[in-house]
Amino acid sequence: MVFDSVLDMVGKTPLIRLKKITSGFKGHFFAKVEAFNPGQSSKDRIALHIIEEAERKGILKPGDTIIETTSGNTGFSIAMVSVITVSYTHLTLPTIYSV
């Protein structure tokens, strides 16, 4: 597959059929591999949705700055999406976390 943007890859995660582990059960079982998202997290989906909705509603415009308090994947995903959508992002770490 060829994508025009890394953002086009968000949510295009594969399903893996689980055969061996579910062999004693009726039905079809699958695992969704979110690690195949560009930021390797399901948080890529929500970050893309939040930023696209803010842009669509006129809340976020090119060149605006996003400030996100984070300690993990959500902040990384927001930063990844905002770099591509020409917004700036400042990530902060709450003082209750140690580095």
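Relevant structure appears above.
As a starting point, this report considers the structure included with it. (Residues numbered from 1 in each chain as written. Predicted model: local features only at pLDDT ≥ 70, side-chain atom pairs only at ≥ 80, totals over all residues. Heavy atoms only, no water.)

**Some details on the overall build of the chain**
Check the secondary structure of the chain and you find 2 helices and 4 strands. Relative to the compact-globule value of 13 Å for 99 residues, the chain shows a C-alpha radius of gyration of 17 Å, a clear excess of over 25%. When the backbone C-alpha atoms are referred to their principal axes, the chain occupies close to 55 × 40 × 25 Å. Contacts spanning at least 24 positions in sequence make up 44% of the contacts within the chain whose residues lie at least 6 apart. Surface exposure of the chain reaches about 7,200 Å², of which carbon and sulfur atoms provide 60%. Side-chain charges of the chain comprise 11 positive and 9 negative groups, with the mean position of each set lying 15 Å from the other. (Helix = DSSP H or I, 4+ residues; strand = E, 2+ residues; numbered from the N terminus. Rg over C-alpha atoms; globule rule 2.2 N^0.38 Å. Contact = heavy atoms within 4.5 Å. Areas by Shrake-Rupley, 256 points an atom, 1.4 Å probe, with all protein chains shown as cover. Lys, Arg positive; Asp, Glu negative; His and termini not counted. Charge placed at Lys NZ, Arg CZ, Asp CG, Glu CD.)

**A word on the packing of aromatic side chains**
How two aromatic rings sit relative to each other is given by the distance of their centres and the angle of their planes. Tallied over the full model, the rule gives 1 aromatic pair. Pairing phenylalanine 25 with phenylalanine 29 gives two aromatic rings, centres 6.3 Å apart and planes at 65 degrees, and the pair type is edge-to-face. Residue phenylalanine 25 is classed as exposed on the basis of its relative accessible area of 56%. (Phe/Tyr/Trp six-rings, centres within 6.5 Å; stacked < 30°, edge-to-face > 60°. Buried < 20%, exposed > 50% of the residue type's maximum accessible area, 1.4 Å probe, protein only.)

**Concerning the pairing of strand S3 (residues 65–69)**
Because side chains alternate across S3, one face comprises the buried residues Ile66 and Glu68, and the other comprises Thr65, Ile67 and Thr69, none of which is buried. Across 5 bridges, S3 lies against strand S4 (residues 88–92) in parallel orientation. By the bridge assignment, threonine 65 is partnered in S4 with tyrosine 88. (Pairing = 2+ DSSP bridges.)

**Section: the nonpolar core**
Ranked by size, the top nonpolar core spans 11 residues in total: Leu7, Val10, Ala47, Leu48, Ile51, Ala54, Leu60, Ile66, Ile78, Met80 and Val81. If you list the elements that add at least two residues to this core, you get helix H1 (43–56) and helix H2 (73–84). In terms of residue count, the dominant contributor to this core is H1 (4 residues). Beyond its immediate chain neighbours, meaning those up to four positions away, isoleucine 51 contacts Leu60, Ile66, Ile78, Val81, Ser82 and Thr85. (Core = buried A, V, L, I, M, F, W, Y, C linked by side-chain atoms within 4.5 Å.)

**Examining the environment of threonine 13**
Relative to the helices and strands, threonine 13 resides in the segment before strand S1 (15–17). Looking at threonine 13, the relative accessible area reads 8%, which means it is buried. Separated by 23 residues in sequence, threonine 13 and phenylalanine 36 place their C-alpha atoms 5.5 Å apart. Leave out the neighbours within four places in its chain, and threonine 13 touches Lys32, Val33, Glu34, Phe36, Asn37 and Arg45. Within polar-contact distance, the side chain of threonine 13 engages the side chain of arginine 45 at 3.1 Å. (Polar contact = N/O pair within 3.5 Å; in protein donor to acceptor, adjacent residues only side chain to side chain.)

**Concerning the pattern of salt bridges**
Inspection of the entire model under this criterion finds 2 salt bridges. Between arginine 45 and glutamate 34 there is a salt bridge whose closest N-O contact spans 3.2 Å. Residue arginine 45 is found in helix H1, and its partner glutamate 34 is found in the loop between strand S2 (30–32) and H1; the two are separated by 11 residues along the sequence. A salt bridge links arginine 56 to glutamate 53; the nearest nitrogen and oxygen atoms lie 2.8 Å apart. Placement of both arginine 56 and glutamate 53 in helix H1 is noted, with a separation of 3 residues, approximately one turn of the helix. Since its relative accessible area comes to 59%, arginine 56 is described here as exposed. The class of glutamate 53 is partly exposed, set by a relative accessible area of 24%. (Salt bridge = Lys/Arg side-chain N within 4 Å of Asp/Glu carboxyl O.)

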